[in-house]
Every structure is written in C-alpha cells, then in structure tokens.
Amino acid sequence: MKRLSFLTICLVLAGIGVSGCEQSARMDKLKEGLRPETQEQRDARMAWWRDAKFGMFIHWGVYSVPAGEWKGTIYPGISEWIMSHAMIPIEEYETLPPRFNPVGFDAEQWVQMAKNAGVKYIVITSKHHDGFAMYDSKISDYDIVDSTGYGKDILKALSRECEKAGIRFCTYYSILDWHHRSQEPRQVEIDEDEEDNWEMYGMNQMKPGRKEDYREYMKAQLSEIISQYDPGVLWFDGGWVEWWNYEDGRDLQKYIRTLKPDIIHNNRIGIDEDLNEDYGTPEQDIPPGGLDYDWETCMTMNDSWGYKRSDSNWKPTKVLIFNLIDIASKGGNFLLNVGPTDKGLIPEPSVQRLKEMGAWLKVNGEAIYGTSPWRKRKEGPTDISFINSYEGDYADFVEPEYTAADIAFTSKGDTVYAIFLHWANEKVLVKSLGTQSIGDRRVESVSMLGIDDDLKWEQRRDGLVVSFPGKKPCKYAYVIKIQLRGE
Ligand code: H79
C-alpha cells in the first residue's frame, strides 16, 4: 500500500497521470517547453476539440477566380497553388482581387449548412500561401476589404454566425507568403516535363535581412485575427520553408499563447519533431493504426482544396462517412474541406455530401462525438481503410465487398459502439464482445441507434449474438450500442 501511494505521488509529481510511457515522453517535452501545463490542464484545454471529431475546412481566396485555369490552360493539381503552378508574377496575380466579388456569399447559410452537416468547428483560410487576407487587415491593403469590389470582411461575418450556431470558429494561416516583399521565388531550373515546379514557390526564399520584418508582419496579422475573431484553433501551414526555423516556431507559439492562453495550434508552426504542439495533421491520409498523440486528418472531397472548375473527382458520400468512422475508431478528428466559388457559393456536390453526412450523424452521432477508441478498433475481413488509400478516379471506384462481419468500434465509458459497415437481415455475431474476449465484462443492454426498441441478444463465449431489426434506421452504416455492466 505504501509503495503504491509512493508511486502515485511520483506519477502526480511527474504530471503524467495513469497511462504510461508515451504520456511521460510528452510531459518531458512540455516541461522543456513554454507552456507550464499539467496533463489535466492540457486535457481541459483540448477537451472541446477532442470531443468535436468532425470539422469543416474552408479554402477560400482569390484563387477561386481562376479556379485552376490561367490564360486558357487548365493546370493540374490543387487550385490554390495556381500562382506557383503557372508561375504568376505578383503584379499579375494582383489583378485577381478586383475581380473577386462573391455576391452570393451568405454567412448564415454557410454556417447553417455546416451545422446541419454535423460539424462542430470550422477552419477557414485567413491567409493562404498567396498572402491575400480574407479579413480587414489594418497593416496591409492586400485583403478582402481594401482590394476587392466586394469590400466586406467575411471572417467577421462567419465568426459571428459560428458563435450564434455554437460552432467553434478557427483560422488557417500560412507562414509561407508569395506576396510579401520579404520573400521571392527560388531560382530553380524549370523542368517543362514536370506537372508543377513546387520548389520555386513551395520552397521560396527569404531575402537577406528581411525576416525580422516579416515575423513582425505575421505577428501583427495574427494579433488582429485573435483579437477580432477569437479563433479556437490556429491552423498553420507552409512552415516547411528553409528560412523558417525551430526558434521562429517557438517564438510564434509563445506569442499566440500569450495573446490567448487556451488557444490550440496544429503541428505546422515549424517545430516539427517536437511534441510541444497540440496536434498532428495527416493530410489526405488516415494513419493505419491511428497516432499516439492528438491528430486530425484533413481531406478534400474532390482533389483540390480551393475551388477548381474542372475537378469533378468527387468521393462518394459513403467513402466520406466511412472515413469519419475509421478516424473516430482510431481516436482522430476529421477536417473535411469545401472550396467555395468566387461567387461565394459552395459547390453543389459538396452541399449534397454534407447534407447526407448530417443525416447519418443525426441518427448515429452518439457513436462519433465525444467517443474514444475501444480496446479493439475493428473486426471482420474487410479493412475499412481500403477506400481511404484509393488514389484513382472515383468514376472507376469499386467499393470493397463488405459484409455484416465488418465492424468498426468506438466507445464512451461503459458503452461500446459497434458500427456495422453492412446491413444484416438476421443475426450477427460480434466476436470481440464474447466472454472469451472481454472476460468477466457482461452485456447489460443492446440497441441500434435510430431504432426505439431494444434488440434481442445473447452473450456467448465466442461472441455477442444480436438480432438486427426489421428496418434500416439510415443509410451507409449501422450502429449497435452495447451497454456493458459497470465495474
Ligand atoms: O492548404 C492546403 C494545401 O494548399 C497545402 N496544405 C493543404 C491543407 C498543401 N498541400 N499540399 N501541399 C501543400 C504540398 C506541398 C508540397 C511541397 Fe514541399 C511544398 C513540395 C515542395 C514544397 C514540403 C516541402 C513538402 C515537400 C517539400
């Protein structure tokens, strides 16, 4: 007893709580870092984000005007990189803002659409790599209020609507900046056979002696963003350039934390390999086994982040819903992107998919929001992740042949959610819930989300046998909720 309490005290002093090595490694990093924060404080700060599970990314800027085309050429790749792909000089790119007039933009409508889709937070580009600010920046004229005919601050409108709707408003900010005069494209040999010459703009250069200037500029803009729109998350990007180093990342981190102590920021602030950032950001990818720290997969619905007129490679709704399930079963968040047009409209295929995801979540949200991975991530022969790594054209996509033996799991306290990837017409066997697998833990009740009456069941050694109801409560995937007896 004495030894146990001594151990407990040590753990508390070390600030690592109960769950071992990985926490301990993180705490060491935190102790070295700038935020003197215990695990409990961190948990409290991250709580809303961890529970949220599903967010909407919005890539909107003046690149929605060319929408992937420049001087009659459709450029391959993501549309918000058109300045890089078409190697557009700053002065030429500056002709875009006057042409940007999103008369169809309706903040209330966008936020209602997000709400109905079941997203809990929105991350919008306040400034992408092209350097154009989508809010009224006082320290620059290169923004939506000062250089477009439209002249209205869309971040202001959206942040207000989000607050009304109970959705967390968050902002993306690019460290890399193709417009700021401190930087210039890298002089690289142009390979005409390459689809894009990423390095020229993607790895741009800082002019000698100009970095301090730019760091001040970034800080001033971030201070405006934080004070005016109170973002829950700062989603950094583009900190991969050579001129941005660890110290710069740390300094910026300290700065934003001073302005808003409970702010959350992603791992692209430029302090990679260091765990003193809040979460990882796998892009267009779902890690096969999840990650042992907080993470969020960001993904496009077609192939481009910004609106691209020629891009019709839309993922089927089912793929998006399965991705959300897969991610939840691995303990991550899903940040799903939309790219509005230069008229301020969200493309119809995106609207349609969000609506269907919302309908699914209305019935099954309980198995996603606020859940944690269960002791088993999945059972059954077909890997739900198969479709996540599909890189072909979705017109040719053949979905794997799922059966009612294919199940993903999430959990909340003594409740287990078995998410079936296929409908069953009669009885199913959930092997992972047999006494052989979960020992003494007994099942107390079994129901299906969206169906009123409890289901018939029997817990055997080899599994939990459940009789499916006579009718489907929704499309795509079906959740059996299993209440285990508390300990
Ligand atoms: O905002 C969206 C994209 O515009 C941006 N991030 C998402 C959220 C982005 N997506 N892909 N990329 C950026 C790819 C960039 C790749 C490269 Fe590089 C940049 C190739 C060369 C420079 C970084 C450094 C990756 C490889 C070397």
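Keep in mind that what you see is a predicted model, and the values were worked out from it rather than measured. (Residues numbered from 1 in each chain as written. Predicted model: local features only at pLDDT ≥ 70, side-chain atom pairs only at ≥ 80, totals over all residues. Heavy atoms only, no water.)

Undergrad: So what exactly am I meant to see when it comes to the pattern of salt bridges here?
TA: Per the stated rule, a full pass over the model turns up 31 salt bridges. Across the pair arginine 42 and aspartate 294 runs a salt bridge, and its minimum N-O distance is 2.8 Å. Here the residue arginine 42 occupies a position in helix α3 (residues 39–52), and aspartate 294 occupies one in the loop between β9 (264–265) and β10 (296–299), the gap between them amounting to 252 residues. Given a relative accessible area of 1%, arginine 42 falls into the buried group. Close ionic contact of glutamate 356 with lysine 475 constitutes a salt bridge, the shortest N to O distance being 3.7 Å. A residue pair is termed long-range when its members are at least 10 positions apart, and glutamate 356 in helix α13 (residues 348–364) and lysine 475 in the loop between β18 (464–467) and β19 (478–484) qualify at 119 residues. According to the relative accessible area criterion, lysine 475 is exposed, its value standing at 52%. (Salt bridge = Lys/Arg side-chain N within 4 Å of Asp/Glu carboxyl O. Helix = DSSP H or I, 4+ residues; strand = E, 2+ residues; numbered from the N terminus. Buried < 20%, exposed > 50% of the residue type's maximum accessible area, 1.4 Å probe, protein only.)

Undergrad: Help me out: how do you make sense of the site of the ligand in this one?
TA: Taken together, 15 residues lie around the ligand, and His59, Glu80, His128, Asp237 and Glu283 are the ones closest in. At a separation of 2.6 Å, an oxygen atom of the ligand approaches a polar side-chain atom of histidine 59. Here tyrosine 172 contributes a side-chain N or O atom positioned 3.4 Å from an oxygen atom of the ligand. Class assignment for the residues of the shell around the ligand results in 8 nonpolar, 3 polar and 4 charged. (Near = heavy atom within 4 Å. Polar contact = N/O pair within 3.5 Å; in protein donor to acceptor, adjacent residues only side chain to side chain. Nonpolar A, V, L, I, M, F, W, Y, C, P; charged D, E, K, R; others polar.)

Undergrad: What is the right way to look at empty space enclosed by the protein in this model?
TA: In this approach, a probe sized like a water molecule rolls over the atoms, and the result shows the empty space that is left. Going through the model one piece at a time under the given rule, you end up with 1 cavity of 30 Å³ or more. The wall of the largest cavity is formed by Arg215, Met218, Lys219, Trp244, Asp248, Asp251 and Leu252. Counting only elements with at least two residues in the lining of the largest cavity, the list comes to α10 (211–229) and α11 (246–259). Counted by class, the lining of the largest cavity contains 3 nonpolar, no polar and 4 charged residues. (1 Å grid on protein atoms, 1.4 Å probe; cavity = no way out; pocket = protein on both sides within 12 Å on 5 of 7 lines; lining within 4 Å. Points joined across faces, edges and corners; volume = space filled by probe spheres on them.)

Undergrad: Teacher, can you tell me more about the pairing of strand β15 (residues 427–430) here?
TA: In summary, the side chains of a regular strand alternate between the two faces of the sheet. By the alternation rule, side chains of β15 split into Val428 and Val430, which are all buried, and Lys427 and Leu429, of which none is buried. As paired elements, β15 and β18 share 4 bridges and run antiparallel to each other. Bridge pairing in β18 places lysine 427 opposite serine 467. (Pairing = 2+ DSSP bridges.)

Undergrad: Sorry if this is basic, but what is going on with unusual backbone geometry here?
TA: Most peptide bonds are trans, and most residues other than glycine sit at a negative phi. Backbone geometry at lysine 53 places phi at a positive 65°, although glycine is not the residue there. Its place among the elements puts lysine 53 in the loop between α3 and β1 (54–58). With relative accessibility at 4%, the residue lysine 53 sits in the buried group.

Undergrad: In this structure, what is going on with the confidence of the model for the chain? I would like to understand it.
TA: The predicted coordinates ought not to be read in detail in places where the model reports low pLDDT. A residue-level look at the chain finds 91% of positions with pLDDT of 70 or above and a mean pLDDT of 91. Across residues 1–20, where pLDDT falls below 50, the model places 8 contacts with residues more than four positions away in sequence or in other chains. (pLDDT = per-residue confidence, 0-100. Contact = heavy atoms within 4.5 Å.)

Undergrad: Got a minute to help me understand the packing of aromatic side chains in this structure?
TA: The description of an aromatic ring pair uses the distance of the two centres, along with the angle that the planes make with each other. Tallying each qualifying case throughout the model produces 28 aromatic pairs. Between phenylalanine 132 and tyrosine 142 the ring centres are 5.1 Å apart and the planes differ by 85°, which places this aromatic pair in the edge-to-face class. Placement of phenylalanine 132 in the loop between β4 (121–127) and α7 (144–147) and of tyrosine 142 in the loop between β4 and α7 is noted, with a sequence separation of 10 residues between them. Here phenylalanine 132 falls in the buried class, since its relative accessible area comes to 2%. (Phe/Tyr/Trp six-rings, centres within 6.5 Å; stacked < 30°, edge-to-face > 60°.)

Undergrad: What exactly am I supposed to notice about the pairing of β10 here?
TA: Side chains Glu296 and Cys298 project from β10 onto one buried face, and the interleaved Thr297 and Met299 project onto a second face that is buried too. In terms of strand pairing, β10 meets strand β11 (residues 333–338) through 4 bridges, oriented parallel. Bridging across to β11, cysteine 298 finds its partner in leucine 335. With helix α12 (residues 317–329) bridging β10 and the parallel β11, this β-α-β connection has right-handed handedness. (Right-handed = clockwise from strand over helix to strand, strands pointing away.)

Undergrad: Would you mind showing me how to read the sheet that holds β15 here?
TA: The antiparallel open sheet is built from 3 strands, whose spatial order is β15-β18-β17. Whereas interior strands pair on both sides, the edge strands pair on one side only; in this sheet they are β15 and β17 (457–459). Direction aside, the axes of adjacent strands within the sheet are offset by 15° on average. As judged from the 3 bridges shared by β17 and β18, these two strands associate in the antiparallel manner. Directly across from glutamine 459, in β18, lies its bridge partner leucine 464. (Axes fitted to C-alpha atoms, helices over the stretch in contact; angles between N-to-C directions.)

Undergrad: How should the side chain of serine 411 be read in this particular structure?
TA: Structurally, serine 411 is set in strand β13 (residues 407–412). On the accessibility criterion, serine 411 (9% relative accessible area) is buried. Among the polar contacts listed, one links the side chain of serine 411 to the backbone oxygen of proline 373, at a separation of 3.3 Å.

Undergrad: What exactly am I supposed to notice about the layout of surface pockets here?
TA: Size it by volume and the second largest pocket reaches roughly 320 Å³. Around the second largest pocket, the lining comprises 20 residues; the ones closest to its centre are Gln284, Asn388, Ser389, Tyr390 and Glu391.

Undergrad: Would you explain the environment of alanine 395 in this entry?
TA: When you line up the elements, alanine 395 lands in the loop between β12 (378–379) and β13. Expressed as a C-alpha distance, the spacing of alanine 395 and asparagine 313, which sit 82 residues apart in the sequence, is 7.3 Å.

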